[in-house]
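For reference, the chains in residue letters:
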Amino acid sequence: MSHPNETLRDIYDEVLRRNAGEAEFHQAALEVLESLETVVTKHPEYTDSQVIRRLVEPERQIIFRVPWVDDRGVVQVNRGFRVQYSSALGPFKGGIRFHPSVNLGIVKFLGFEQIFKNSLTGLPIGGGKGGSDFDPKGRSTGEVMRFCQSFMTELHRHLGEYTDVPAGDIGVGGREIGYLFGQYKRITNRYESGVFTGKGLSWGGSRVRTEATGYGTVYFVDEMLKVRGESFDGKRVLVSGSGNVAIYAIEKVHQLGGIVIGCSDSGGYVHDEAGIDVELLKEVKDVRRGRISEYADLRPSASFVAQGSLWDLPCDIALPCATQNELDGDHAATLIRGGVSIVAEGANMPCTRVALQAFAEAGVRCAPGKAANAGGVATSALEMQQNAARDSWSFEHTEERLEEIMRGIHDRCLSTADEYGLPGNYAAGANIAGFIKVADAMLALGVI
Ligand code: NDP
Ligand code: 2IT
């Protein structure tokens, strides 16, 4: 048997060879494999049984054509994906993303991260992810509906409450989940509530699911602050993005006494020293489906900046909540100069490797996405519990469960990091704790 680190190096080389050109997947795989060095030294059974080699290879990858007709009567063709990564802990579970940048490598990085995230929640869910290169921007509601129906006409045969349970992600919110679930119901002739999460409250959805990812991220940061005897009181916070995760992160920061002075979208950012007005932001983004620049038009204390970066503003806490690799080494250097002390990833893999390195060297505490944004999928699992029991919980009860889960994930990250000799390293703690639970299940289930 070769040295454990050589085995990990071999596995990574194989990942590069087998998945050529999938840069985001390589990045996500390397980050996890690096954290496992101490684990495989202590536990050779994981390398002996090839658990890691099996885990980097998805159980199943589905790629399909999505043809649909636009409002002008022109036929459009998109590509659909579902990567069913690991069902060791439960049915495949993870969101669906509609964005022009979606490709197999992006869906694989997201699906791979999802395995460990879902494991960390302590709930019985496996990992997967899906999506399409469909761009919803500028599309009518009718076009979005027809696209969703075509997407589901193919995907439905691969789903099921005990098989694979999707939810939303970038470009997929309550409206899209409705069209996807509606088509699934029509084709299968089954009202199978548990096959989707993020549903509307009148048709099987859970209270708090909409708020869960953003709220959960902020609960996680609240625990990070408590460890140092601090609180959100008076803290200046930046939140990138202005979608589902960003909006509810901003709302919860304000509830806990912090002030969010800036947020963004792909067109630029707004700076609002009076604190972002969340109700106005919801009106602009959710109701009007508008741009962040419109927020500044309607708010006297705010200015819109099209050039430059949100991360140029000095802050205490930075919450990247938009997309992968949105915060690079230069942004990290600027944030460090501006006095940032905590970074928590509301998005999946928003910080580049160089940025994470810079934060580590500067002593900035960083919470990885697979821990900090796990509140969304955790609440999805609570939605599945309610669906299975034909039950519907109150907002207060559901939020209490979410808070308890996030505080539990935080503590598990720190105690695992301690146990493996890496105190304070949230990323390593999350990777190791997430991995061990999945790996032990894989050992118990045999070579499958
Ligand atoms: P939304 O579609 O609701 O919002 C996405 C936001 O990010 C928008 O403001 C969008 O701006 C911005 N954005 C997206 N892509 C880019 C880009 N390439 N460059 C700059 N800005 C961009 O998505 P969510 O809020 O649901 O998701 C945000 C992140 O959180 C993603 O990384 C997602 O994977 C992650 N996440 C989501 C969960 C959920 O439950 N929804 C759970 C856990 C993680 P614009 O409108 O201009 O494109
Ligand atoms: O990245 C994620 O965790 C999500 N988009 C949510 C997944 C889910 O199944 O709720």
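Up top is the structure.
Residues numbered from 1 in each chain as written. Chains lettered and ligands numbered in written order. Predicted model: local features only at pLDDT ≥ 70, side-chain atom pairs only at ≥ 80, totals over all residues. Heavy atoms only, no water.

*Asks:* Quick rundown of a nonpolar patch on the surface? Include the residues and the values.
*Replies:* A cluster of nonpolar side chains, contributed by Val 69, Val 75 and Val 77, occupies part of the molecular surface with about 260 Å² of accessible area. The topology assignment puts Val 69 in strand E1 (residues 60-69). (Patch = residues over 30% accessible without salt bridge, like charges linked within 9 Å, V, L, I, M, F, W, Y side chains within 5 Å. Areas by Shrake-Rupley, 256 points an atom, 1.4 Å probe, with all protein chains shown as cover. Salt bridge = Lys/Arg side-chain N within 4 Å of Asp/Glu carboxyl O. Helix = DSSP H or I, 4+ residues; strand = E, 2+ residues; numbered from the N terminus.)

*Asks:* Quick one: what's the story with the site of ligand 1, residue by residue and with numbers?
*Replies:* Around ligand 1, the surrounding shell holds 25 residues, and the nearest of these are Asp 169, Thr 213, Ser 266, Arg 291 and Asn 348. Within the contact set of ligand 1, an oxygen atom lies 2.7 Å away from a side-chain nitrogen or oxygen of Asp 169. A distance of 2.8 Å is found between an oxygen atom of ligand 1 and a side-chain nitrogen or oxygen belonging to Asn 348. Within the complex, the protein chains bury 83% of what would otherwise be the 880 Å² of accessible surface of ligand 1. Listed by contribution, the elements that provide at least two residues to the shell around ligand 1 are helix H9 (209-227), helix H10 (244-255) and strand E7 (259-265). (Near = heavy atom within 4 Å. Polar contact = N/O pair within 3.5 Å; in protein donor to acceptor, adjacent residues only side chain to side chain.)

*Asks:* Got a sec to walk through the nonpolar core? Specific residues and values, please.
*Replies:* Core analysis: the biggest nonpolar cluster contains 59 residues, and Phe 220, Val 221, Val 239, Tyr 295, Leu 319 and Ile 409 have the highest contact counts within it. Counting residues per element, this core draws most heavily on H9, at eight residues. Setting aside anything within four residues of it in sequence, one finds Val 239 in contact with Ala 246, Ala 249, Ile 250, Val 260, Gly 262, Cys 263, Ser 264, Leu 310, Leu 319 and Cys 321. Judged by nonpolar contacts, the second largest core, of 41 residues, contains Leu 36, Val 40, Val 51 and Ala 441. (Core = buried A, V, L, I, M, F, W, Y, C linked by side-chain atoms within 4.5 Å. Buried < 20%, exposed > 50% of the residue type's maximum accessible area, 1.4 Å probe, protein only. Contact = heavy atoms within 4.5 Å.)

*Asks:* Lay out the packing of aromatic side chains in plain terms, naming residues and giving numbers.
*Replies:* Geometry of an aromatic ring pair is reported as the spacing of the ring centres plus the angle between the planes. Applying the stated criterion to the full structure yields 17 aromatic pairs. Measuring from centroid to centroid gives 5.9 Å for Phe 25 and Phe 112, while their planes differ by 85°, and the two rings are edge-to-face. Taken together, the residues Phe 25 in helix H2 (residues 23-35) and Phe 112 in helix H6 (residues 104-120) connect sequence positions 87 residues apart. Since its relative accessible area comes to 1%, Phe 112 is described here as buried. The interplanar angle of 75° and the centroid separation of 5.5 Å between the aromatic rings of Phe 98 and Phe 151 together place this pair among those described as edge-to-face. Taken as a pair, Phe 98 in strand E3 (residues 92-98) and Phe 151 in helix H7 (residues 141-155) lie far apart in primary sequence, 53 residues in all. An identical accessibility class is assigned to Phe 98 and Phe 151; each is buried. Aromatic rings pair up to connect Phe 64, Trp 68, Phe 98, Phe 134, Phe 147 and Phe 151 into one cluster. (Phe/Tyr/Trp six-rings, centres within 6.5 Å; stacked < 30°, edge-to-face > 60°.)

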